[in-house]
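Close look at the chain arrangement
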Amino acid sequence: MRRIKVGVLASGRGSNLQALIDASRDGKIDADIAIVISDRADAVALACARDAGVDARYVDPRRKGARLAEESESEIIRLLDEAGVDLVALAGFMRILSPRLVRHFSGRILNIHPSLLPSFPGLHVQKKALEYGVKYSGCTVHFVDEGVDTGPIVVQAAVPVIEGDTAELLSKRILKEEHRIYAEAVQLFAQGRLRVEGRAVHVLPERRSDAGSDQL
Ligand code: DQB
Ligand code: GRF
């Protein structure tokens, strides 16, 4: 089975990155993390990458706010292309990607979001879910399109909201599912089993593995 190369963009703690690194090392996904890029030099995610022997790069965002400067995005595109990545995985990356970057990797960027989209797009969504009073929340892996948290949904998992919940407790409960479904989604992509039809992502059945043959 061919292994795909994944480039991860992360701004923070890097627990989803770590889950993908672990899944790769444990043979649970046919994917290698080829490069990790952050817009924050002090991101724990970069340290996680270095500890795992993964190429870890800081790219100066060259501005404050929700988006990167154009040159910074060009640098990210160049690094991902040089690393030869088949898939880009956002893992707590806090900058919105421009249409140019999204088109460059069209259909090859995934994001993990801590709510059941299309409910609660944006930021601080666990707090918003509690305030709204939903009884279930969860997480969503979706393809990244030119909108924010609007792309076709690949995998979701629901978790219950429990009486007396806090944003912190709910976040922890959701995070555990994030780590599981992100690896699952990357594996489906690696196996070539995702077909996007409009908004819907269809998951094709697993092909019978045929050890000893590279064909079919
Ligand atoms: C995100 C990081 C930040 C936000 C959302 C997702 C956010 O709402 N920031 C406040 C500024 C709002 C604004 O200026 O509009 N991380 N790029 C594309 N599409 C996505 C998702 C993330 C990061 C980059 C996407 C993304 O769905 N084009 C996830
Ligand atoms: C996660 O909750 C993820 O869903 C959201 O940002 C957080 C990143 O956490 N997009 P980590 O850096 O992977 O630990």
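Look up a bit, the structure's there.
Summary of the structure given here. (Residues numbered from 1 in each chain as written. Chains lettered and ligands numbered in written order. Predicted model: local features only at pLDDT ≥ 70, side-chain atom pairs only at ≥ 80, totals over all residues. Heavy atoms only, no water.)

As for the overall build of the protein
Helices and strands together make up the secondary structure of the protein, namely 6 helices and 9 strands. Computed over C-alpha atoms, the radius of gyration of the protein comes to 17 Å, within 12% of the 17 Å expected from 2.2 N^0.38 for 216 residues, which places it in the range of a compact globule. Seen along its three principal axes, the alpha-carbon backbone of the protein occupies a region of about 55 × 45 × 35 Å. Across the 216 residues of the protein, 48% fall into the buried class. Looking at the protein as shown, the accessible area adds up to about 11,500 Å², and 51% of this sits on carbon and sulfur atoms. (Helix = DSSP H or I, 4+ residues; strand = E, 2+ residues; numbered from the N terminus. Rg over C-alpha atoms; globule rule 2.2 N^0.38 Å. Buried < 20%, exposed > 50% of the residue type's maximum accessible area, 1.4 Å probe, protein only. Areas by Shrake-Rupley, 256 points an atom, 1.4 Å probe, with all protein chains shown as cover.)

Looking at the site of ligand 1
Around ligand 1, 16 residues are found, and the nearest of them are Phe93, Leu97, Asp145, Gly147 and Asp149. The backbone of Phe93 places a nitrogen or oxygen atom 2.9 Å from a nitrogen atom of ligand 1. Here a nitrogen atom of ligand 1 and a backbone polar atom of Asp145 are 3.0 Å apart. Look at ligand 1: alone it shows 620 Å² of surface, and the protein chains cover 78% of it. Its atoms largely coinciding with the cavity grid, ligand 1 occupies the largest pocket. Each residue belonging to the shell around ligand 1 can be placed in one class, and the counts come to 10 nonpolar, 3 polar and 3 charged. (Near = heavy atom within 4 Å. Polar contact = N/O pair within 3.5 Å; in protein donor to acceptor, adjacent residues only side chain to side chain. 1 Å grid on protein atoms, 1.4 Å probe; cavity = no way out; pocket = protein on both sides within 12 Å on 5 of 7 lines; lining within 4 Å. Sits in = over half its atoms within 2 Å of the grid points. Nonpolar A, V, L, I, M, F, W, Y, C, P; charged D, E, K, R; others polar.)

So, the site of ligand 2
The environment of ligand 2 is made up of Arg13, Gly14, Ser15, Asn16, Gly92, Ile112, His113, Pro114 and Glu178. Contact distances for ligand 2 include 2.6 Å between an oxygen atom and a side-chain N or O atom of Ser15. Contacts to ligand 2 include Glu178, whose side-chain N or O atom sits 2.8 Å from an oxygen atom. A total of 370 Å² of accessible area belongs to ligand 2 in isolation, and the protein chains cover 85% of it. Placement of ligand 2 is best described as lying within the largest pocket. If you list the elements that add at least two residues to the shell around ligand 2, you get helix H1 (15-25) and strand S5 (109-113). The class makeup of the residues in the shell around ligand 2 is 2 nonpolar, 5 polar and 2 charged.

Structural notes on the packing of H1 against helix H6 (residues 167-190)
Running from N to C, H1 and H6 cross one another at 50°; their axes reach a closest spacing of 9 Å. The angle between the axes of H1 and H6 places the two elements in the oblique class. For the pair H1 and H6, the crossing hand works out as right-handed. Only Leu175, Glu178, His179, Tyr182, Ala183 and Val186 of H6 make contact with H1, whose side of the interface consists of Ser15, Asn16, Ala19, Leu20 and Ala23. Its residues placed into classes, the contact of H1 with H6 shows 7 nonpolar, 3 polar and 1 charged. (Axes fitted to C-alpha atoms, helices over the stretch in contact; angles between N-to-C directions. Parallel < 35°, antiparallel > 145°, perpendicular 65-115°, else oblique. Left-handed = near helix turned anticlockwise from the far one by under 90°. Contact = heavy atoms within 4.5 Å.)

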